[in-house]
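Structure assessment
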Amino acid sequence: MDCIFCKIAGGEIPSNKVYEDDSVLAFYDLVPQGPVHILIIPKTHIASAAEISADNSAVVAHIFEVAAGIAKEQQLDNGYRIVTNIGEDGGQSVKHLHFHLIGGRQMAWPPG
Ligand code: AMP
């Protein structure tokens, strides 16, 4: 499968890693949308949050544990945002589940 985030997870394409364990990888986004912008992905291919099921949801819970730890390390004590885009209307450009952890600035709501 020609999936850029599978290649990053497999080490075929380099990334600026923040955290890694057996099931999860976190790395800096190439085009940061804030002072801190980190992507957190499952190493196994899940196309988007629309594909989360009882069979694969454990890694998603783990991703949120990892995210909380990264946010503390990054000293995002004033808050931050975690977002996942789904499909065309959601603005998803990479079809491998990823959570954007963005912080270090005031976020707007509603999102554009
Ligand atoms: P989305 O548009 O929600 O699918 O988010 C995809 C994100 O992946 C964008 O924020 C891109 O900047 C980021 N991105 C794409 N390729 C890379 C890469 N090789 N390394 C780091 N971030 C990437």
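The residue numbers shown here count from 1 along each chain, following its written sequence. Confidence filtering applies because this is a predicted model: local features only for residues at pLDDT of at least 70, side-chain atom pairs given and counted only at 80 or more, and all residues used for totals across whole chains, interfaces and linings. Computation of side-chain values covers all heavy atoms of the structure but excludes hydrogens and water.

1. A look at the site of the ligand
Proximity criterion: a residue is near a molecule or strand once any of its heavy atoms comes within 4 Å of it. Around the ligand, a shell composed of 16 residues is seen, among which Asp29, Asn85, Ser93, His98 and His100 lie nearest. At a separation of 3.2 Å, a nitrogen atom of the ligand approaches a polar backbone atom of Leu30. Within 3.5 Å is the distance limit for a polar contact, defined as a pair of N or O atoms, with the added protein rule that one can donate a hydrogen and the other accept it, and that residues adjacent in sequence qualify only through two side-chain atoms. The backbone of Val94 places a nitrogen or oxygen atom 2.9 Å from an oxygen atom of the ligand. Labels follow the DSSP assignment, with helices taken as runs of H or I lasting at least four residues and strands as runs of E lasting at least two, numbered in each case from the N terminus. When residues of the shell around the ligand are assigned to their parent elements, the largest contribution, 3 residues, is made by helix H1 (residues 4-9).

2. Some details on the sheet that holds strand E2 (residues 24-28)
Strand pairing is defined by DSSP finding a minimum of two bridges between the two strands. Here we have 5 strands laid out as an open sheet, ordered E1-E2-E3-E5-E4, and antiparallel in their pairing. Here the strands that pair on one side only, and so sit at the sheet edges, are strand E1 (17-20) and strand E4 (80-83). Sheet twist, expressed as the average angle between the axes of neighbouring strands with direction ignored, equals 15 degrees. Relative to the sheet, helix H2 (residues 57-73) contacts E1, E2, strand E3 (36-42), E4 and strand E5 (99-103), its axis offset from that of E3 by approximately 155 degrees. Axis definition: a line fit to C-alpha positions, over the contact stretch in the case of helices; interaxial angles, taken between N-to-C directions, run 0 to 180 degrees. Residue contacts are counted whenever heavy atoms from the two residues lie within 4.5 Å of one another.

3. Concerning unusual backbone geometry
Between Trp109 and Pro110 the backbone carries a cis peptide bond, its omega angle lying at 0 degrees. You can see Pro110 is positioned in the segment after E5. The backbone of Gln75 shows a phi angle near 60 degrees, a positive value even though the residue is not glycine. Mapping Gln75 onto the fold places it in the loop between H2 and E4.

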